[in-house]
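# Topology and contacts: notes
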Amino acid sequence: MGKVFVCDHPLIQHKLTLIRDKVTTTKDFRELVDEVATLMAYEITRDIPLEKVQVQTPVATAECNVISGRMLGLIPILRAGLGMVDGILQLVPAAKVGHIGLYRDPQTLEPVEYYAKLPTDVQERELIVIDPMLATGGSANAAITALKARQCTQIKLMCLIAAPEGVQAVQKAHPDVDIYVAAIDDYLDEHGYIIPGLGDAGDRLFGTK
Ligand code: PRP
Ligand code: URA
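Residues numbered from 1 in each chain as written. Chains lettered and ligands numbered in written order. Predicted model: local features only at pLDDT ≥ 70, side-chain atom pairs only at ≥ 80, totals over all residues. Heavy atoms only, no water.

### A look at the pattern of salt bridges
- Tallying each qualifying case throughout the model produces 10 salt bridges.
- Here lysine 27 and glutamate 31 are joined by a salt bridge, their closest N and O atoms 3.2 Å apart. Note that lysine 27 and glutamate 31 are positioned in helix 2 (residues 26–44) at a spacing of four residues, about one turn of the helix.
- Assessed through its relative accessible area of 51%, lysine 27 is described here as exposed.
- Here glutamate 31 falls in the partly exposed class, since its relative accessible area comes to 37%.
- With a shortest N-O distance of 2.7 Å, lysine 148 and aspartate 176 are connected by a salt bridge. Remark: aspartate 176 occurs in the loop between helix 5 (164–173) and strand 11 (178–184) and lysine 148 occurs in helix 4 (residues 138–148); sequence separation between them is 28 residues.
- Classification of lysine 148 as partly exposed rests on a relative accessible area of 27%.
- A single salt-bridge network, built from bridges that share partners, covers Asp47, Glu126 and Lys156. (Salt bridge = Lys/Arg side-chain N within 4 Å of Asp/Glu carboxyl O. Helix = DSSP H or I, 4+ residues; strand = E, 2+ residues; numbered from the N terminus. Buried < 20%, exposed > 50% of the residue type's maximum accessible area, 1.4 Å probe, protein only.)

Put into structure tokens, the structure is as follows:
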């Protein structure tokens, strides 16, 4: 069973409150999502392996650590996942970025894939699938399935807000995937919206409604 990490750092929680607030402007919403993504990236990269190297300081030889192991790949789910990419790249600028385009059919709530463009070495990378909202889990599951179909094996999921239903759905379909969220909310309403949530993440990020 994949683990669920709730990133409860006070700065993340404070900014998430502002993100939820319906009076927050598109500009502020976008900036806050970007900032929270940076802070969450700090948590999600906590278990990256290190290796020892020696460096010469001006006065001695120091035994130091550098990051080792697989390179990172960020996989935002279009479109709302885009809002978290730059914030993560602030911390891991060498990561490559692949895009998976999915939208939820408003009637069935089933994800429909309309785009996929991934780094050529995607299967060699440790991947972070990014989407602000984990509602039914259909979009995240479809994105993870699409990556596994391309022989990707090391996958984490990063979301701002999850519904319990979405967490369970991902854990059931992909028990090898750990999930990082800033909050797990109460439930999904009949339209598939997370309650209390933040509304439609894509619309709020891009000002489309
Ligand atoms: C939203 C959100 C997730 C998805 C979550 O995207 O960004 O991708 O819904 O719902 P699920 O867990 O039930 O699949 P949406 O389909 O609204 O597309 P958008 O990002 O283009 O706005
Ligand atoms: N997608 C969103 O953007 N918001 C929700 O509450 C659920 C799915």
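### A look at the UniProt feature "domain: Phosphoribosyltransferase" (unreviewed entry) in the protein
- When the UniProt feature table is mapped to this numbering, "domain: Phosphoribosyltransferase" (unreviewed entry) covers residues 6–208.
- What you have in residues 6–208 is 31% helix and 31% strand, and the ends, taken at the C-alpha atoms, are 29 Å apart. (UniProt positions renumbered as here; feature names shortened; annotations may be inferred.)

### A word on helix 4
- Of all 11 residues in helix 4, eight are buried, a share of seventy percent or more.
- Along helix 4, the residues classified as buried are Gly138, Ser139, Ala140, Asn141, Ala143, Ile144, Ala146 and Leu147.

### Digging into the environment of leucine 102
- Positionally, leucine 102 belongs in strand 6 (residues 99–104).
- Relative accessible area serves as the criterion here: at 7%, leucine 102 is assigned to the buried category.
- Leucine 102 sits 21 residues away from glycine 81 along the chain, and the two C-alpha atoms are 10 Å apart.
- Leave out the neighbours within four places in its chain, and leucine 102 touches Ile77, Leu78, Pro111, Val112, Glu113, Tyr114, Ser139, Ala142 and Ala143. (Contact = heavy atoms within 4.5 Å.)

### Overview of helix 1 (residues 10–20)
- Three or more residues of helix 1 are buried, namely Ile12, Lys15, Leu16 and Ile19. Seen end-on, helix 1 carries its buried residues on one side only, within an arc spanning 110°. Turned more than 90 degrees away from the buried face of helix 1, the exposed residues are Pro10, His14 and Thr17.
- Where helix 1 is buried, its residues contact helix 2, strand 10 (155–162), strand 11 and helix 6 (201–206). (Arc of directions from axis to C-beta.)

### Focus: the nonpolar core
- Membership of the largest hydrophobic core comes to 37 residues, with the highest contact counts inside it found for Ile19, Met40, Ile88, Leu160 and Leu198.
- Elements that contribute at least two residues to this core include exactly helix 1, helix 2, strand 4 (72–78), helix 3 (85–89), strand 8 (126–130), strand 10, strand 11 and helix 6.
- Discounting chain neighbours no more than four positions away, the residues touching isoleucine 19 are Phe29, Leu32, Val33, Val36, Leu160, Leu198 and Arg204. (Core = buried A, V, L, I, M, F, W, Y, C linked by side-chain atoms within 4.5 Å.)

### Overview of the pairing of strand 10
- Where burial is concerned, most of strand 10 is hidden: eight out of the eight residues are buried.
- With two bridges joining them, strand 9 (residues 133–134) and strand 10 adopt parallel strand pairing. By the bridge assignment, leucine 134 is partnered in strand 10 with alanine 162.
- Following the backbone out of strand 9, through helix 4 and into the adjacent parallel strand 10, one traces a crossover that is right-handed. (Pairing = 2+ DSSP bridges. Right-handed = clockwise from strand over helix to strand, strands pointing away.)

### Side note on the site of ligand 2
- Close to ligand 2 lie Arg104, Met133, Ala135, Gly192, Tyr193, Ile194, Gly199, Asp200 and Ala201, which account for all nearby residues.
- A distance of 2.8 Å separates a nitrogen atom of ligand 2 from a polar atom in the backbone of glycine 199.
- Relative to its free-state accessible area of 230 Å², ligand 2 is covered by the protein chains to the extent of 89%.
- With respect to the pocket detection grid, ligand 2 is positioned in the largest pocket.
- A class-by-class count of the residues in the shell around ligand 2 yields five nonpolar, two polar and two charged. (Near = heavy atom within 4 Å. Polar contact = N/O pair within 3.5 Å; in protein donor to acceptor, adjacent residues only side chain to side chain. Areas by Shrake-Rupley, 256 points an atom, 1.4 Å probe, with all protein chains shown as cover. 1 Å grid on protein atoms, 1.4 Å probe; cavity = no way out; pocket = protein on both sides within 12 Å on 5 of 7 lines; lining within 4 Å. Sits in = over half its atoms within 2 Å of the grid points. Nonpolar A, V, L, I, M, F, W, Y, C, P; charged D, E, K, R; others polar.)

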